[in-house]
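What follows is the residue order along each chain.
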Amino acid sequence: MSSYQAGFRVWRGDQDGGELEDFTVEVNEGEVVLDIIHRLQATQASDLAVRWNCKAGKCGSCSAEINGRPRLMCMTRMSVFTREETITVTPLRAFPVVRDLVTDVSFNYAKARDVPSFVPPPGVAAGDYRMRQVDVDRSQEFRKCIECFLCQDTCHVVRDHEENKPAFAGPRFLMRVAELDMHPLDAAAESGLDRKKTAQEEHGLGYCNITKCCTEVCPEGIKITDNALIPLKERAADRKYDPLVWLGNKIRRRGE
Amino acid sequence: MATGTEPPPTHSGVHGATRATIGARHLRTDRWWLSPALTAGGLLAFVLYSTWRAFANADYYAAPYVSPFYSPCLSENCAPMRGGPNWEIIGGWWGLSPALLILIFPLGFRLTCYYYRKAYYRGFWASPPACAVAEPHKKYTGETRFPLILQNLHRYFFYAALLVAGILTYDTVLTFRDEQYAWGHMGLGTVVFLVNIVLIWAYTLSCHSCRHIVGGRLKHFSRHPVRYRLWGWVSKLNARHMQLAWASLISVGLADFYVYLVASGAFDDPRFF
Ligand code: SF4
Ligand code: SF4
Ligand code: FES
Ligand code: FES
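Just so it is clear, the structure is predicted and the values come from calculations on it, not from any experiment. (Residues numbered from 1 in each chain as written. Chains lettered and ligands numbered in written order. Predicted model: local features only at pLDDT ≥ 70, side-chain atom pairs only at ≥ 80, totals over all residues. Heavy atoms only, no water.)

*Asks:* Just to check I follow, could you spell out the packing of aromatic side chains for this structure?
*Replies:* To describe a pair of aromatic rings, one takes the distance between the centres and the angle between the planes. On inspection of all chains with the given rule, the structure shows 26 aromatic pairs over all chains. Between Phe109(B) and Tyr203(B), the ring centres sit 5.5 Å apart and the planes meet at 65 degrees, which makes this aromatic pair edge-to-face. Highlighted residues: Phe109(B) in helix α2 (residues 99–111) and Tyr203(B) in helix α5 (residues 188–205), separated in sequence by 94 residues. Neither residue differs from the other here; Phe109(B) and Tyr203(B) are each classed as buried. An aromatic cluster of three or more residues is present, and its members are Phe109(B), Tyr115(B), Tyr116(B), Tyr156(B), Phe158(B), Tyr159(B) and Tyr203(B). Over the face of the ring belonging to Trp231(B) we find Arg138(A), whose NZ or CZ atom lies 5.8 Å from the ring centre. The aromatic ring of Phe107(A) is capped on one face by Lys165(A), whose charged end is 5.4 Å from the ring centroid. (Phe/Tyr/Trp six-rings, centres within 6.5 Å; stacked < 30°, edge-to-face > 60°. Helix = DSSP H or I, 4+ residues; strand = E, 2+ residues; numbered from the N terminus. Buried < 20%, exposed > 50% of the residue type's maximum accessible area, 1.4 Å probe, protein only. Lys NZ or Arg CZ within 6 Å of the ring centre and 35° of its normal.)

Next comes the structure, spelled out in structure tokens:
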């Protein structure tokens with residue numbers, strides 16, 4: 001395979017406005033979209049703003065939208081496109097734009113702070129935590145998250161409805177609630193913090209209509225909807241809508 | 001349907017003041033509309049077919065086969081089915097098709113199913129039509145309010161669906177009789193019923209509420225080895241929930257259609273023995 005000239009359309013601008021700008025740029029075998037953006041920076045648009053770090057799909061910095069689909073630029077191979085097609089690259093469209101491909105993702109950091117952290121189990125020193133692998137398996141799937149916020153960007157609850165941002169934590173942080181609620185040593189319940197209830201009442205779990213776009217775009221392949229959001233909805237339903245479970249809990253109070 | 005003709009709301013969402021100014025409501029170049037269109041078409045076809053069959057009040061019994069749409073029969077105005085599911089619980093005042101009484105349960109189960117919710121929210125309500133394609137609605141409250149908050153009742157329909165699956169299993173056992181109710185026979189209909197009941201059980205047991213109830217709600221799997229194992233099995237099925245939802249929807253429709261063909265005399269049930 002040889003190199004070829006590809007058509008690129010890249011969004012350029014800031015909060016005062018901007019537009020898609022056309023470029024023709026060289027592509028070589030084995031390259032990814034981020035390589036091409038770097039080549040543009042080096043040869044044609046030296047002031048093009050782009051955020052990146054690892055170029056290995058692990059830092060979550062290079063999130064953008066490529067042909068309308070939220071993806072990591074460093075993990076999107078040029079070989080998935082035909083040589084003829086024009087490739088459109090825009091910043092994430094759910095967050096305020098800073099400049100060119102860089103957006104202000106502080107919404108996500110604010111939401112991260114809203115989730116109360118791990119509550120240490122009483123009477124166990126920090127170095128003495130012991131747990132069975134089967135008990136942490138579920139939480140560990142969610143620890144693969146690289147915080148690229150592609151799921152947050154895609155979720156229509158906030159992408160299409162700015163006004164929902166205060167009420168909705170987004171898939172990544174509802175998943176964080178699920179991670180802690182499933183954690184074998186998290187002692188939130190004992191300390192009076194009901195994570196199932198706060199998921200619904202404070203983090204907006206009910207806004208999610210389980211349409212699975214978060215799962216579709218997650219570059220880590222985390223089954224966000226099936227393994228975090230739906231189980232969390234079921235846990236919330238336990239408390240509020242299921243008298244059988246409620247009765248069962250009254251009859252035998254077991255430490256689960 | 002997700003045709004994308006509605007004008008985008010300009011005040012909010014991807015056209016909000018702080019977002020990158022891009023006129024298009026999406027920039028996807030793939031055939032993103034195909035999947036919601038197929039889903040909506042498939043669901044619509046089933047709704048039309050089952051509405052016709054449920055209101056027909058005819059051709060639902062041809063010994064030994066009873067249509068899954070009419071089982072169990074809860075009113076007196078049913079065809080008598082020897083040894084079959086004639087359970088006249090509600091008595092003789094019901095004058096409409098008996099299917100309407102029982103179909104509430106499978107209908108409620110599928111309507112509140114997490115997979116079908118995704119399917120019709122996307123396919124019919126375009127909320128969202130596809131990922132990163134702006135939805136046409138001005139406001140969105142998801143499942144936080146009435147009536148959609150009732151989706152949380154899914155697990156009751158799951159309990160009911162277990163009963164219905166049990167009854168359909170019984171109906172399937174009865175298909176090992178012949179027209180004269182003698183045991184030890186098998187026809188093509190028996191095969192149709194067997195396939196259907198396996199798919200119905202697989203769909204029912206792969207339910208997310210089932211996964212939660214058998215083990216998902218536990219915090220410590222290691223203290224409940226049996227439930228952990230069950231959870232593992234249900235999780236495997238659950239990963240195929242979408243496929244099972246479609247397969248069982250088609251099979252239940254086909255089982256009904258088979259009974260219709262035999263009962264209306266359009267087709268003779270071939271007997272193997
Ligand atoms: S499944 Fe829920 S959280 Fe995930 S993108 Fe859809 S609405 Fe958002
Ligand atoms: S859950 Fe997946 S898509 Fe969301 S921030 Fe983490 S890695 Fe990114
Ligand atoms: S640069 Fe780190 S994920 Fe792409
Ligand atoms: S039947 Fe689909 S989730 Fe319960």
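*Asks:* Please clarify how the domain arrangement of chain A should be interpreted in this entry.
*Replies:* Bring the parts together and some accessible area is lost; that lost area is often taken as the interface size. All names here are of chain A. Per the domain assignment, the segments making up chain A are domain 1 (4–103) and domain 2 (106–255). Averaged C-alpha coordinates put domain 1 and domain 2 at centres separated by 32 Å. Between domain 1 and domain 2, a total of about 1,100 Å² is buried, with carbon and sulfur atoms accounting for 56% of that surface. The three residues of domain 1 that bury the most area against domain 2 are Pro70, Ala94 and Phe95, which together make up 46% of that side's buried surface. Among the salt bridges present, the one from Glu65 reaches Arg159, with a minimum N-O distance of 2.8 Å. Seen at the junction of domain 1 and domain 2, the total is 6 residue pairs in polar contact (both at pLDDT 80 or more). (Domains from an automatic or database assignment. Buried area = accessible area lost by both parts, 1.4 Å probe. Salt bridge = Lys/Arg side-chain N within 4 Å of Asp/Glu carboxyl O. Polar contact = N/O pair within 3.5 Å; in protein donor to acceptor, adjacent residues only side chain to side chain.)

*Asks:* I tried to follow the environment of Gly216(B) on my own but got confused; where do I start?
*Replies:* Examined against the element boundaries, Gly216(B) turns out to sit in helix α6 (residues 208–216). Look past the residues within four positions of Gly216(B) in its chain and what remains in contact with it is Arg138(A), Arg235(A), Arg211(B) and Trp231(B). (Contact = heavy atoms within 4.5 Å.)

*Asks:* Explain the site of ligand 2 to me, please; I cannot follow it from the model alone.
*Replies:* Around ligand 2 sit Cys145(A), Ile146(A), Glu147(A), Cys148(A), Phe149(A), Cys151(A), Arg172(A), Met175(A), Cys218(A), Pro219(A) and Ile224(A), and those are all the residues in its vicinity. Of the residues contributing to the shell around ligand 2, the split by class is 9 nonpolar, no polar and 2 charged. (Near = heavy atom within 4 Å. Nonpolar A, V, L, I, M, F, W, Y, C, P; charged D, E, K, R; others polar.)

*Asks:* Whenever I open this one, the confidence of the model for chain B confuses me. Can you help?
*Replies:* Low-confidence regions, as indicated by low pLDDT, have predicted coordinates that should not be scrutinised in detail. Per-residue pLDDT for chain B averages 93, and the proportion of residues at 70 or more is 96%. Among the scores for the predicted complex, ipTM is 0.92 and pTM is 0.93. (pLDDT = per-residue confidence, 0-100.)

*Asks:* Is there a simple way to think about the environment of Asn209(A) in this case?
*Replies:* Turning to its location among the elements, Asn209(A) is positioned in the loop between α7 (195–201) and α8 (213–217). Residues contacting Asn209(A), with those up to four places away along its chain left out, are His156(A), Tyr121(B), Ser127(B), Tyr140(B) and Glu143(B). A distance of 2.7 Å separates polar atoms of two side chains, one belonging to Asn209(A) and the other to Thr211(A).

*Asks:* Sorry if this is basic, but what is going on with the state of the cysteines here?
*Replies:* Cysteine pairs can be linked by a disulfide, which is a covalent bond between their two sulfur atoms. Scanning all chains against the criterion turns up 2 disulfides over all chains. Residue pairing for Cys213(A): its cysteine sulfur links by disulfide to Cys131(B), the two sulfurs lying 2.1 Å apart. With the S-S dihedral at roughly -90 degrees, the linkage between Cys213(A) and Cys131(B) falls on the left-handed side. You can see Cys213(A) sitting in helix α8 and its partner Cys131(B) sitting in the loop between α3 (114–123) and α4 (154–174), one on each of two chains. (Disulfide = S-S within 2.5 Å.)

*Asks:* Please explain the packing of helix α1 (residues 34–56) of chain B against α3(B) as it appears in this structure.
*Replies:* When two helices pack together, their arrangement is given by the angle between the helix axes and the distance between those axes. All names here are of chain B. At a minimum axis distance of 8 Å, the contact between α1 and α3 shows a crossing angle of 110 degrees. Judged by the angle between their axes, α1 and α3 are roughly perpendicular. Two packed elements cross with a definite hand, and for α1 against α3 that hand is left-handed. Of α3, the residues touching α1 (which contributes Pro36, Thr39, Ala40 and Leu43) are Tyr115, Tyr116, Ala119, Tyr120, Arg122 and Gly123. The residue makeup of the contact of α1 with α3, split by class, is 7 nonpolar, 2 polar and 1 charged. (Axes fitted to C-alpha atoms, helices over the stretch in contact; angles between N-to-C directions. Parallel < 35°, antiparallel > 145°, perpendicular 65-115°, else oblique. Left-handed = near helix turned anticlockwise from the far one by under 90°.)

*Asks:* What am I meant to see in a nonpolar patch on the surface here?
*Replies:* Residues and elements named next belong to chain B. Nonpolar side chains collect at one region of the surface, where Leu44, Leu48, Phe124 and Trp125 lie side by side and expose about 450 Å² of accessible area between them. Turning to its location among the elements, Leu44 is positioned in helix α1. A relative accessible area of 46% places Leu44 in the partly exposed class. (Patch = residues over 30% accessible without salt bridge, like charges linked within 9 Å, V, L, I, M, F, W, Y side chains within 5 Å. Areas by Shrake-Rupley, 256 points an atom, 1.4 Å probe, with all protein chains shown as cover.)

*Asks:* Where do I start with the interface of chain B and chain A in this structure?
*Replies:* Each partner contributes to the interface: chain B provides 60 residues, whereas chain A provides 67 residues. Contact between chain B and chain A buries roughly 5,400 Å² in total, counting both sides, with carbon and sulfur atoms accounting for 48%. Its largest share of buried area at the contact with chain A, chain B owes to Arg19(B), Tyr140(B) and Lys219(B), together 14% of the area lost on that side. Scanning the region where chain B abuts chain A turns up 7 salt bridges. Asp30(B) serves as the salt-bridge partner of Arg69(A), at 3.2 Å between the closest nitrogen and oxygen.

*Asks:* Looking at this structure, I do not really get the side chain of Asp181(A). What am I missing?
*Replies:* Inspection of the secondary structure puts Asp181(A) in helix α6 (residues 171–181). Contact partners of Asp181(A), with chain neighbours within four places excluded, come to Arg195(A), Lys196(A), Arg235(A) and Lys219(B).

*Asks:* How do you make sense of the side chain of His212(B) when you look at a structure like this?
*Replies:* Along the chain, His212(B) turns up in helix α6. If sequence neighbours within four positions are ignored, His212(B) has contacts with Pro231(A), Glu234(A), Arg235(A), Asp238(A), Arg155(B) and Arg217(B).

*Asks:* Please clarify how the UniProt feature "transmembrane region" (unreviewed entry) in chain B should be interpreted in this entry.
*Replies:* Residues and elements named next belong to chain B. In the numbering adopted here, UniProt assigns the feature "transmembrane region" (unreviewed entry) to residues 32–52, 90–109, 156–176, 182–203 and 244–263. Measuring from the first to the last C-alpha atom of residues 182–203 gives 32 Å, for a span that is 73% helix and 0% strand. The straight-line gap between the two end C-alpha atoms of residues 244–263 is 28 Å; of that span, 100% is helix and 0% is strand. (UniProt positions renumbered as here; feature names shortened; annotations may be inferred.)

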